[in-house]
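Spelled out from the first residue to the last, the chains are:
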Amino acid sequence: MTTYTFPEHFLWGAAASGPQTEGTDYKLHRSIWDSWHANQPERFFQGIGPEKVCETLHRYKEDVSLMKNIGFNSFRTSIQWSRLIEDFETGKPNAEAVRFYHDYFDEMIAHGIEPMINLYHFDMPETLQNQYGGFESNHVTDLFALFAKTAFELFGHKVKYWITFNEPIVPVEGGYLYDFHYPCKKDGKLAAQVGFNIMLAHAKAVKCYRELNLSGEIGVVLNLTPTYTRNDSPEDQKAAWYADLLFNRSFLDPLVKHQFPKELCKLLATHNCLPEITQADVSLITDSRVDFLGVNYYVPRRVKAREAQYTLDYFTPEFYFENYIDPDGRFNPYRDNNEILPQAIYDIAANIRDNYGNIKWYLAEIGIAMDLDSEGPVQPDGIIDDSFRISLMKEHLVELHRAITDGANCFGLHHWTFIDNWSWINSFKRRYGFYRLDLSTGERQIKRNGLWFKALAQDNQFTYEVNPL
Ligand code: IFM
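The name given to the chain in an unreviewed UniProt entry is Beta-glucosidase, with Yersinia frederiksenii as the source organism.

Right, here's the structure in full:
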């Protein structure tokens, strides 16, 4: 058995978000998720929307004690723009929402749990989407900065870790390329515009934060997916290079390396997809500095050179590659046969170390999806047996530990997620939590993985036998 010990003061906890947990009570405004679900419930698994979900708004005290019970020293959630702000054009907050977020964060702090607070988790206010096209519009980047300023002024003395955006590429993919987020458009040029404007909104929020001279740190959470190929042929290597450029470097280079990849600009120009920009806005983005990076990782990306002709009438990254399934891969039988590749954690860490100045980062989401049936019922000892997750988490942690030993500047790990939460159009199709949410009673029930995590967090280490045979 080998013992894997993590650096001192390592952050252990989980991540979630406002729209996926709070419920919609007392919101003055709707987000695009609230309105999209109201208008098209059939787009959501079993028609379930974001209204009730974990009811964090009412149960946050109970939930913070559940966090404490399984050893968290930190927790990420997000402030909902559509809850906190009463007047989007001025940034004036809503008093009731201010009270809720103060109480929620105070409760965490009182329990020794560091709140890590994100400002945007896919949840554009409905009015801003309808009136301006959300992040299609430059004006909305200013409104986002007003929202951020309000949040910093209200909570900046107690929240020490701020995050501007979670997975900023996902609203671009979902809303403008692949039809899984509102406004469900398919338009490569608009996608590039929204991507650029999100980075601009990020930079404006970071600028505000710096101007307020607060004592905490600010960062961004990116979903980084290393790309692997079918074989070593130059064609496949080139396909992987394109996938990496479009999905990873598109955000990572401007936000961490302070430069837009020239090849990306050239490529977008070829497809007539270059966004409308000003040099001043480009500089605002490339001049801005994050204190830390969050990285979300679930599955690797596998590609091969295109064999079939590209048939879509608008640009997507797949113009340059085809997705590929490794016949020798390992797959999660409970999640659409998603590939399992713990080594990707090491590869991400090495890339950040070698190509991105070894910026301080934490693993901001890692999780293993299972459906309710595969997790099974509550066992006679009162625990849900999701041991499948424990062995996989150990394998991923071995890779993270190896990366840290080899110099990765990683300061924590957050599991996705704390209590099973609502997940966009998938609703509750897949479960990820340390606690099960009983949708009919709201009861939270511990899973074995949660108890295993408690020991890991408390001991700051775990033991594992690699290849026991
Ligand atoms: O639920 C999502 C989350 O909002 C962002 N990262 C992936 C999770 C699981 O799909």
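Novice: Would you mind showing me how to read the site of the ligand here?
Specialist: Near the ligand, the surroundings consist of Gln20, His121, Phe122, Asn166, Glu167, Tyr298, Glu365, Trp416, Ser423, Trp424 and Tyr432. When the ligand is considered free in solution it has 280 Å² of accessible area, and contact with the protein chains removes 88% of it. Tallied by class, residues from the shell around the ligand come to 5 nonpolar, 4 polar and 2 charged.

Novice: What is the right way to read the environment of Glu276 from this model?
Specialist: As for its placement among the helices and strands, Glu276 is situated in the loop between helix H11 (262–270) and helix H12 (279–287). Residue Glu276 is classed as exposed on the basis of its relative accessible area, which comes to 58%. Through-space distance from the C-alpha of Glu276 to that of Ala110 is 47 Å; in sequence the pair is 166 residues apart. The contacts of Glu276, once residues within four sequence positions are left out, are Lys189 and Gln193. There is a polar contact of 3.4 Å between the side chain of Glu276 and the side chain of Lys189.

Novice: Quick question: what am I supposed to make of the environment of Tyr297 here?
Specialist: For Tyr297, the position within the fold is in the loop between strand E10 (292–296) and strand E11 (301–304). Taking the C-alpha atoms as reference, Tyr297 lies 9.0 Å from Leu222; in sequence the two are 75 residues apart. Polar side-chain contacts of Tyr297 include one of 3.1 Å to the backbone oxygen of Leu341.

Novice: Which parts of the structure should I look at to understand the sheet that holds strand E9 (residues 227–229)?
Specialist: Backbone-to-backbone hydrogen bonds pair the strands of a sheet. The strands run either parallel or antiparallel. Here we have 3 strands laid out as an open sheet, ordered E9-E11-E12, and mixed in their pairing. The strands lining the two open edges of the sheet, one partner per strand, are E9 and strand E12 (322–323). Where E9 lies against E11, 3 bridges are found, and the strand directions are parallel. Note on E11: the bridge partner recorded for Thr227 is Arg301. The sheet contacts of helix H10 (residues 234–257) involve E9 and E11, and relative to E11 the element is tilted by about 135°.

Parameters at a glance
Residues numbered from 1 in each chain as written. Predicted model: local features only at pLDDT ≥ 70, side-chain atom pairs only at ≥ 80, totals over all residues. Heavy atoms only, no water. Near = heavy atom within 4 Å. Areas by Shrake-Rupley, 256 points an atom, 1.4 Å probe, with all protein chains shown as cover. Nonpolar A, V, L, I, M, F, W, Y, C, P; charged D, E, K, R; others polar. Helix = DSSP H or I, 4+ residues; strand = E, 2+ residues; numbered from the N terminus. Buried < 20%, exposed > 50% of the residue type's maximum accessible area, 1.4 Å probe, protein only. Contact = heavy atoms within 4.5 Å. Polar contact = N/O pair within 3.5 Å; in protein donor to acceptor, adjacent residues only side chain to side chain. Pairing = 2+ DSSP bridges. Axes fitted to C-alpha atoms, helices over the stretch in contact; angles between N-to-C directions.

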